[in-house]
Structure formats: C-alpha cells, structure tokens
Amino acid sequence: MSEEHPIDSTVDFVPRLITGPEEGESVLPCEPLTLVEVATGRRWFVESEALVGRHSSCTIHLRGPDVSRRHARVRWRAGEWWISDCHSLNGLYVNGRKITEAPLRNGDEIQIGEQLLRVNSPVLPSDLGHAVLQSIASALAQVEGSSMHRRAS
C-alpha cells in the first residue's frame, strides 16, 4: 500500500558549495590573443588555444629547421594566456629567457628557433585587472571628496 503525500509547491534541493573554477578553467571570458611575427608582420589571432610548430596541423605554422614539429602550446588558463614548451629540441624563450612555461603579457617577445613573435593584444587580462583597480580607486576618491555622506541605519 502506497502512502499519499500532500501536494507541495516547494522544491527540495541539496545545497552545493561553489568553490571556484577548476584547475585550468577561466575566471574571466577569454580575451583573444594576437601574435605578430616580427620579421614579416604576419598575424595570428588565438581565441582559446594554439599549437605552434612546423607541422602542417599546427595552428601557428612556422618554417625553419630549428622549429620543432610541435614546438609550443599557447592557451588560456586561470584567467590569463600561457605559453609552454612541448619538449622542443631547441627550447622556447620569452623575453630572452629560456622557459618551460610562462604567462604572456602585452609586448612580450617569444623566440621559437630563429622566429620572433611579439604579443600584440590591446588589452590582456593582467592589463585589464590593473585598469579595473585604477577605475575603482578613482571612483572611491570621488565619493570621498564629495559632500554626499550617508549614514548607516
């Protein structure tokens, strides 16, 4: 024999703790990255991830005997752009330093073999964060300087 329950308009749910993004997940939407080959002016627009190398399947295809087939990987991770070496034979350099992985900033120079790429994006998240903080500080200064005062009730 089944027991009847009165109709109830409430919905039972199990509360879930939201801890933040998982590793590698973006906090902010991905800002497109622009890479420019210094010697030729060729441009690549990266929206979420790109493989760099001389293999024809690479998103950013570079020629040269010192460029590995799959040399580096550029990807959006944890709210910023990163570049990592894919175990290349000749290494990966950012601003003249050999790296295995590094965040990218506007104006950074990436050396892959003899190829030099420059990060040329108008606003990267790190720049955007700084601009947001400056905007907040400016707004707070204006409020403090105004004659408008509010009292807590």
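Higher on the page you've got the structure.
Residues numbered from 1 in each chain as written. Predicted model: local features only at pLDDT ≥ 70, side-chain atom pairs only at ≥ 80, totals over all residues. Heavy atoms only, no water.

**Q** Which parts of the structure should I look at to understand the sheet that holds strand β7 (residues 92–94)?
**A** Within a beta sheet, neighbouring strands are joined by backbone hydrogen bonds and run either parallel or antiparallel to one another. Across the sheet, 6 strands lie side by side as β2-β1-β11-β10-β7-β8; this open sheet has antiparallel pairing. Only two strands of the sheet have a single partner each, and these edge strands are β2 (43–46) and β8 (97–99). Neighbour-to-neighbour, the strand axes of this sheet turn through a mean angle of 30°, independent of strand direction. As defined by bridge partners, β7 adjoins β8 across 3 bridges and the pair is classed as antiparallel. Residue pairing in the sheet places V94 in a bridge with R97 of β8. (Pairing = 2+ DSSP bridges. Helix = DSSP H or I, 4+ residues; strand = E, 2+ residues; numbered from the N terminus. Axes fitted to C-alpha atoms, helices over the stretch in contact; angles between N-to-C directions.)

**Q** I tried to follow the pairing of strand β1 (residues 33–37) on my own but got confused; where do I start?
**A** Where a strand is regular, its side chains alternate between the two sheet faces. Of all 5 residues in β1, 5 are buried; the element is thus mostly enclosed. Relative to β2, β1 runs antiparallel, the two sharing 4 bridges. Its bridge partner being in β2, L35 is matched across the sheet by W44. Where β1 folds back on β2, the antiparallel hairpin that results is connected by 5 residues, among which G41 adopts a positive phi of roughly 85°. Note that β1 and strand β11 (residues 115–119) share 3 bridges and pair antiparallel. Bridge pairing in β11 places L35 opposite V119. (Buried < 20%, exposed > 50% of the residue type's maximum accessible area, 1.4 Å probe, protein only.)

**Q** I tried to follow the sheet that holds strand β5 (residues 72–77) on my own but got confused; where do I start?
**A** The strand order across the open sheet built from 5 strands is β4-β3-β5-β6-β9, with neighbouring strands paired in mixed fashion. A single partner strand is all that each edge strand has here, and the edge strands are β4 (60–61) and β9 (101–103). Across 6 bridges, the pairing between β5 and strand β6 (residues 80–85) is antiparallel. Note that in β6 the partner of R73 across the bridge is S84.

**Q** Help me understand the nonpolar core in this model?
**A** For soluble globular proteins, the rule of thumb is that nonpolar side chains tend to be buried together. Within the largest apolar cluster, 23 residues are counted, with the highest numbers of intra-cluster contacts made by L35, I83, I110 and I112. Of all the elements in the fold, those that place two or more residues in this core are β1, β2, β3 (49–53), β5, β6, β7, β10 (109–112) and β11. Looking at this core, the element that brings in the most residues is β5, giving 3 residues. (Core = buried A, V, L, I, M, F, W, Y, C linked by side-chain atoms within 4.5 Å.)

**Q** Even after reading the chapter, I still don't get unusual backbone geometry, so can you show me in this structure?
**A** For residues that are not glycine, phi is negative in most cases, and the peptide bond is trans in most cases. At A78, a residue that is not glycine, the phi angle is positive and equals roughly 50°. Residue position: A78 is located in the loop between β5 and β6. The phi torsion at N95 lies on the positive side, around 55°, for a residue other than glycine. Here N95 shows up in the loop between β7 and β8. The exposure class of N95 is partly exposed, given its relative accessible area of 47%.

**Q** When you look at the state of the cysteines in this model, what are you seeing that I'm missing?
**A** In protein chemistry, a disulfide is the covalent bond that joins the sulfur atoms of two cysteines. The tally for this structure, following the rule as stated, stands at 0 disulfides. With no disulfide partner, C58 has as its closest neighbouring cysteine sulfur the one in C86, 8.3 Å distant. On the basis of relative accessibility, which here comes to 7%, the residue C58 falls in the buried class. (Disulfide = S-S within 2.5 Å.)

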